[in-house]
Amino acid sequence: MNSRFAQIALKFLAAAVTGALLRSVVSLRPEWWAVWLAPALLLILAIRFPLRDARWMVPLAAVIAASVHFHYFSLMMPLPAVILTTALESLLWIFLVFATRRVVLRYRAWWTVFVFPVLWVAADTLLAALSPDGDWGSLAYSQGDKLVVIQVASLFGTAGVLFLLALVPSAIALAIALGNSLRRGWLAYSITAVLLVTSLLYGFIRLHQPIRGNRITFGIVSIDDPIGLRASASYAGNIFSA
């Protein structure tokens with residue numbers, strides 16, 4: 001009994017730690033480095049552990065992560081809408097991770113390293129098209145001040161950045177969770193490394209090219225406080241007029 005309790009406690013701890021790290025990824029001020037690691041931990045929970053454990057470990061981590069927006073959403077929406085939005089965000093992670101798990105464990109082939117990034121890009125593109133706020137929560141924006149990384153957006157948009165951000169954790173997760181059981185795994189890891197290095201090299205070269213074309217002046221507005229339900233008309237008006 002004590003041994004079983006210890007195993008459950010360790011699994012709970014693993015899910016909680018993963019969820020805590022994932023919170024720093026989906027927060028309003030994401031940690032850029034965590035975006036390259038946290039999804040890998042979530043995928044490892046789903047792939048490495050039996051389905052009976054993954055079914056509660058992954059949702060627990062996803063809910064812990066999505067709860068980071070609870071206070072922010074509560075400033076703009078009524079409680080039922082906040083709960084629904086948080087649940088939907090959690091379900092998106094759960095769906096993508098378990099969809100990846102299903103394909104990876106069924107085929108155990110090198111090309112399954114692309115499943116997670118392809119699903120993420122597809123979901124992000126769909127959300128950008130359907131959501132009134134666009135893809136404001138895209139993980140690609142976590143790299144906004146990492147100029148070498150985001151240069152790939154000049155070729156493929158935010159989808160290219162997001163694909164790279166999801167591909168690296170996918171390769172890490174497959175290497176740890178499956179090891180040698182992944183058929184031709186070396187190919188998956190080699191392609192991931194080549195794409196990462198090539199993208200960074202492209203970014204480095206592009207940043208060191210001379211600036212050409214006409215100079216354009218533009219402005220940017222930073223809003224420290226949200227426009228909540230209790231905001232006065234004058235407060236909201238000043239922001240919109242800016």
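Scroll up a little and you will see the structure.
Throughout what follows, the structure given in this document is the object of discussion. (Residues numbered from 1 in each chain as written. Predicted model: local features only at pLDDT ≥ 70, side-chain atom pairs only at ≥ 80, totals over all residues. Heavy atoms only, no water.)

1. Brief notes about the overall build of the chain
Our working rule: Each helix is a run of DSSP H or I of at least 4 residues and each strand a run of E of at least 2, with the numbering of both proceeding from the N terminus. Only protein chains enter the accessibility calculation, which uses a 1.4 Å probe; a residue whose area is less than 20% of its type maximum is buried, one above 50% is exposed, and one in between is partly exposed. Note on contacts: a residue pair qualifies if any of its non-hydrogen atoms lie within 4.5 Å across the two residues. Within this scheme the basic residues Lys and Arg register as positive and the acidic residues Asp and Glu register as negative, but His and the chain ends are omitted. In plain terms, the charge of a residue is placed at NZ if it is Lys, CZ if Arg, CG if Asp and CD if Glu.
Tallying secondary structure elements over the chain gives 10 helices and 0 strands in all. For the chain, the N- to C-terminal ordering of α and β elements is α-α-α-α-α-α-α-α-α-α. In terms of its C-alpha atoms, the chain occupies a principal-axis envelope of roughly 60 × 50 × 30 Å. By residue count, 37% of the 242 residues in the chain fall in the buried class. By sequence separation, contacts in the chain at least 24 residues apart represent 68% of the contacts at least 6 residues apart. Across the chain, the centroid of the 18 positively charged side chains sits 16 Å from that of the 9 negatively charged ones.

2. Digging into the nonpolar core
The condition that has to hold: To qualify as a nonpolar core, a set must consist of buried Ala, Val, Leu, Ile, Met, Phe, Trp, Tyr and Cys residues joined through side-chain atoms within 4.5 Å.
Ranked by size, the top nonpolar core spans 51 residues in total, and within it Val25, Leu42, Val58, Trp93 and Phe116 carry the most contacts. For this core, the secondary-structure elements that each account for two or more residues are helix H1 (2-26), helix H2 (38-48), helix H3 (51-66), helix H5 (79-107), helix H6 (115-130) and helix H8 (153-177). Element by element, the count of residues in this core is highest for H8, at 11 residues. Ignoring any residue separated from it by four or fewer positions in sequence, one finds Val25 in contact with Pro30, Ala34, Val35, Ala38 and Leu139.

3. Looking at unusual backbone geometry
Here Arg108, not a glycine, exhibits a phi torsion of approximately 45°, which is positive. Residue placement: Arg108 occurs in the loop between H5 and H6. Of the residues examined, Arg108 reaches a relative accessible area of 30% and is grouped as partly exposed. Even without a glycine there, the phi angle at Arg184 is positive, about 55°. For Arg184, the location among the structural elements is in the loop between H8 and helix H9 (185-207).

4. As for the pattern of salt bridges
For the record, the criterion: Here a salt bridge means any side-chain nitrogen of Lys or Arg lying within 4 Å of a carboxyl oxygen belonging to Asp or Glu.
Taken as a whole and judged by the stated rule, the model has 1 salt bridge. Among the ionic pairs, Asp53 bridges to Lys11, the shortest N-O distance being 2.8 Å. Of this pair, Asp53 sits in helix H3 while Lys11 sits in helix H1, and the two are 42 residues apart along the sequence. You'll find Asp53 and Lys11 in the same group, each marked buried.

5. Structural notes on H8
Test applied: How far a helix is expected to stretch is found by multiplying one less than its residue total by 1.5 Å.
Compared with an ideal rise of 1.5 Å per residue, which puts 25 residues at 36 Å, H8 spans 31 Å between its outermost C-alpha atoms and falls more than 12% short. Immediately beyond the C-terminal end of H8, within one or two residues, lies Gly179, with a positive phi of roughly 60°.

6. Considerations on the packing of aromatic side chains
Note the following rule: Put simply, two rings from Phe, Tyr or Trp (the six-membered ring, in Trp's case) pair if the centres are within 6.5 Å, and we call them stacked under 30 degrees between planes, edge-to-face over 60, tilted for the rest.
The tally for this structure, following the rule as stated, stands at 5 aromatic pairs. Linked through ring pairs, Trp110, Phe114 and Phe163 together constitute an aromatic cluster.

7. A short note on the packing of H3 against H5
Short version of the rule: In this analysis, axes come from line fits to C-alpha atoms, helices being fitted only over the stretch in contact, and the angle between any two N-to-C directions falls in the range 0 to 180 degrees. What makes a crossing left-handed is the near helix being turned counterclockwise from the far one by less than a right angle; a clockwise turn instead makes it right-handed.
Between H3 and H5, the shortest axis-to-axis distance is 9 Å and the interhelical angle comes to 140°. The two elements H3 and H5 meet at a crossing, and its hand is right-handed. Along its contact with H3, which presents Leu51, Ala54, Arg55, Val58, Pro59, Ala62, Val63 and Ala66, the element H5 presents Thr86, Glu89, Ser90, Trp93, Ile94, Val97, Phe98 and Arg101.

8. Some points on H9
Look at H9: 33 Å from first C-alpha to last across 23 residues, which is about the 33 Å you get at 1.5 Å a residue. Gly185, Leu187, Ala188, Thr192, Ser199 and Gly203 are the residues of H9 that are buried. Among the structural elements, helix H7 (147-150) and H8 are those in contact with the buried residues of H9.

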